[in-house]
Amino acid sequence: MSEPINVVVTGAAGQIAYSLLYQLAAGSVFGPNQPINLRLLDIPVMMTVLDGVIMELEDLALPLLREITPTADPNVAFKNVAAAFLVGSMPRKEGMERKDLLAANAEIFKVQGKALDQHARKDVKVLVVGNPANTNAWICSHHAPSIPKENFTAMTRLDQNRAQAALAARLNVSVDKVKNVIIWGNHSSTQYPDAAHATVNVQGSTKPVPSVVNDDNWLNITFVEKIQKRGTAVISARKMSSAMSAAKAAGDHMRDWWIGTKPGEWVSMGVLSDGSYGIPRDIVFSFPVAIENGQYKIVQGLQINDFARSKLSITSKELEEERTEANNVLQN
Ligand code: NAX
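Residues numbered from 1 in each chain as written. Predicted model: local features only at pLDDT ≥ 70, side-chain atom pairs only at ≥ 80, totals over all residues. Heavy atoms only, no water.

**Considering the sheet that holds strand S11 (residues 205-208)**
Line of reasoning, step 1. Read across the sheet, three strands follow the order S7-S10-S11 without closing on themselves; strand pairing throughout is antiparallel. Two strands close off the open sheet at either side, each with one partner strand: strand S7 (178-179) and S11.
Line of reasoning, step 2. Pairing between strand S10 (residues 199-202) and S11: four bridges, direction antiparallel. When the sheet's bridge partners are listed, Thr199 is paired in S11 with Pro208. (Pairing = 2+ DSSP bridges. Helix = DSSP H or I, 4+ residues; strand = E, 2+ residues; numbered from the N terminus.)

Take a look at the structure:
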C-alpha cells in the first residue's frame, strides 16, 4: 500500500462532488492501492452542508479514505495536493450566457491558481470541471507560474462519453466497442465531436465508424448537434446541470491521466495548445491525447478534412474570444 496522497475537490458541497467523492474514496480513480486524504473546499455558507457530506463519507466505511479536511480557505485546501478537481463555481442556469458565467468565475479561478502556486505539489494534476472549463483552466494556470502549464487541464470527457454512447446506440453495440471518438475545442456548443477516426468492434473485427454508419448527414449534422446540445437538453429536463455523468467523466479523466491509456487508444482532454493541427497557441483546447507514465501527448498526424477544419476554427475562435474577455475581467 502506498503513502496517502492529498486530493482536493472544490465545490465539495455541490451536486457533482456528491457523486465524485464516492469514486475517489472507493479507489476507482487512483487505484485500489492508493489511500487518499481528501481536502474539501467550499464557501463559508456551505460548511454545514459539507458536514453532512463528511458524515456520509465516514459512513461509507472505505479503507482507502484516510483524513478528511473540510475548509473554506484555499490556502488550507491546496496544501501539498497531488491532484485537484476544480469543480466549484457558479453553475450555468437556464438562459444564462457563457459570458456572464465567465465573469463570475474568473475571480474564483484566479484565487485558486494563486493558492495552487503557493501550496500544491509542483507535479499536481489539475482538472477543471467548473464552467467555462477551458478558459477557467487557462486563468488558473496563468496565476500559478511555478507549476508547468501542461499540468492544467479542462474536462471534455463528459462530451466524449456522450459521443461514444451516442455512436454505440446508433450502431447497436455496447459502449466499450466504440473507441477513439474525439472532442475538439471548447466544452461549449461550439465543440466538434468527431467520429471520423473512431472505430467500432463488430463481431470481433475493428472497423472505421464512418464506413459502418455509412450516413455522412447523420455523422456531420445529427450526431454533432446532439452532442453539442446534450448539456442543455439535460438542464431543460432536470432543471439542473449534469451531475452523475459529469462526476463519472471527471473520474475517467483523472484515472486515465494517472494510470495511462491503452496502446492505440486516445481520450480527449482540454490542454494548453502547442499549435498542433494549426490551433492557435495559448488557449486550452480539447485534443485527442495518449497518456503514459502520467504524461499526456497530443495524438499527431490525424487527417483533418475541410469540414473538420471549419469546425475547428469556429471553436478555437470562441476560445480566443473567451481569453480576451477573461483578460478584460481580470484587469478591471
Ligand atoms: P453546484 O451548484 O451543485 O455546486 C457548486 C458548488 O461550488 C457549490 O457547493 C458552491 O457553494 C461551490 N462554490 C462556489 N464558489 C466556490 C468557490 N469559490 N470555492 C469553492 N467552492 C465554491 O454545481 P455542480 O452541478 O456541482 O456543477 C459545478 C460546475 O461544473 C458548474 O460550473 C457546471 O457548469 C460545471 N459542469 C461542467 C461540465 C463539464 O463537462 N466540464 C459538465 C457538468 C457541469 O455543467
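**Things to note about the nonpolar core**
Side chains of nonpolar character tend, in soluble globular proteins, to be buried together.
Line of reasoning, step 1. Within the largest apolar cluster, 76 residues are counted, with the highest numbers of intra-cluster contacts made by Leu24, Phe30, Phe85, Leu167, Trp184 and Phe223.
Line of reasoning, step 2. Residues Phe109, Ala133, Ala137 and Trp138 belong to the second largest nonpolar core, which totals 28 residues. (Core = buried A, V, L, I, M, F, W, Y, C linked by side-chain atoms within 4.5 Å. Buried < 20%, exposed > 50% of the residue type's maximum accessible area, 1.4 Å probe, protein only.)

**A short note on the site of the ligand**
Line of reasoning, step 1. Around the ligand, a shell composed of 27 residues is seen, among which Gln15, Asp42, Ser89, Val129 and Asn131 lie nearest.
Line of reasoning, step 2. Take Gln15: an N or O atom from its side chain is 2.8 Å from an oxygen atom of the ligand.
Line of reasoning, step 3. Ile16 places a polar main-chain atom, nitrogen or oxygen, 3.0 Å from an oxygen atom of the ligand.
Line of reasoning, step 4. Compared with its free state, where it exposes 870 Å², the ligand has 87% of that area covered by protein.
Line of reasoning, step 5. Looking at the shell around the ligand residue by residue, the classes come out as 14 nonpolar, eleven polar and two charged. (Near = heavy atom within 4 Å. Polar contact = N/O pair within 3.5 Å; in protein donor to acceptor, adjacent residues only side chain to side chain. Areas by Shrake-Rupley, 256 points an atom, 1.4 Å probe, with all protein chains shown as cover. Nonpolar A, V, L, I, M, F, W, Y, C, P; charged D, E, K, R; others polar.)

**Thoughts on the pairing of S10**
Line of reasoning, step 1. With two bridges joining them, S7 and S10 adopt antiparallel strand pairing. Residue pairing for S10: Val178 is matched across the bridge by Val200.
Line of reasoning, step 2. What sits between the antiparallel neighbours S10 and S11 is a turn of two residues, in which Gln203 has the positive phi angle 45 degrees.

**Concerning the environment of Tyr22**
Line of reasoning, step 1. Relative to the helices and strands, Tyr22 is located in helix H1 (residues 15-26).
Line of reasoning, step 2. When the C-alpha positions of Tyr22 and Val128 are compared, they lie 18 Å apart, and in sequence the two are 106 residues distant.
Line of reasoning, step 3. Apart from the residues within four sequence positions on either side, Tyr22 is in contact with Leu60 and Leu62. (Contact = heavy atoms within 4.5 Å.)

**Notes on the packing of aromatic side chains**
Line of reasoning, step 1. Scanning the model with the defined rule gives eight aromatic pairs in all.
Line of reasoning, step 2. When the ring of Trp184 is compared with that of Phe287, the centres are 6.3 Å apart and the planes differ by 75 degrees; the resulting orientation is edge-to-face. With Trp184 in strand S8 (residues 182-184) and Phe287 in strand S13 (residues 284-292), this residue pair connects regions lying 103 residues apart in the sequence.
Line of reasoning, step 3. On the numbers, 4.9 Å between centres and 50 degrees between planes, the contact of Phe285 with Phe287 is tilted.
Line of reasoning, step 4. Given the relative accessible area of 0%, Phe287 is considered buried. (Phe/Tyr/Trp six-rings, centres within 6.5 Å; stacked < 30°, edge-to-face > 60°.)

**Section: the environment of Thr206**
Line of reasoning, step 1. With respect to the helices and strands, Thr206 occurs in strand S11.
Line of reasoning, step 2. Exposure remark for Thr206: the relative accessible area of 55% places this residue in the exposed category.
Line of reasoning, step 3. On a C-alpha basis, the gap between Thr206 and Lys177 in space is 8.8 Å, while along the polypeptide they are 29 residues apart.
Line of reasoning, step 4. Leaving out residues up to four positions away in the same chain, Thr206 has contacts with Thr199, Val200 and Asn201.
Line of reasoning, step 5. Reaching out from Thr206, the side chain makes a polar contact with the side chain of Asn201 at a distance of 3.5 Å.

**Description of helix H5 (residues 133-142)**
Since the α-helix advances by 3.6 residues per turn, residues separated by three or four positions end up pointing in the same direction.
Line of reasoning, step 1. The element H5 is extensively covered by neighbouring structure, given that nine of its ten residues are classed as buried.
Line of reasoning, step 2. Along H5, the residues classified as buried are Ala133, Asn134, Thr135, Asn136, Ala137, Trp138, Ile139, Cys140 and Ser141.

**As for the pattern of salt bridges**
Line of reasoning, step 1. For the structure shown, the criterion picks out twelve salt bridges.
Line of reasoning, step 2. Note that Arg255 and Asp256 form a salt bridge whose closest N and O atoms lie 3.3 Å from each other.
Line of reasoning, step 3. Of the residues examined, Arg255 reaches a relative accessible area of 26% and is grouped as partly exposed.
Line of reasoning, step 4. Of the charged contacts in the structure, one is a salt bridge between Glu321 and Lys317, with a shortest N-O distance of 3.3 Å. In this pair, Glu321 and Lys317 are both assigned in helix H11 (residues 306-331), four residues apart and thus about one turn of the helix distant.
Line of reasoning, step 5. Take Glu321: its relative accessible area is 40%, and that puts it in the partly exposed class.
Line of reasoning, step 6. If you follow the salt bridges from partner to partner, you end up with Arg157, Lys248, Asp252, Arg255 and Asp256 in one network. (Salt bridge = Lys/Arg side-chain N within 4 Å of Asp/Glu carboxyl O.)

Read these as layout, nothing more, since geometry by itself doesn't imply function.
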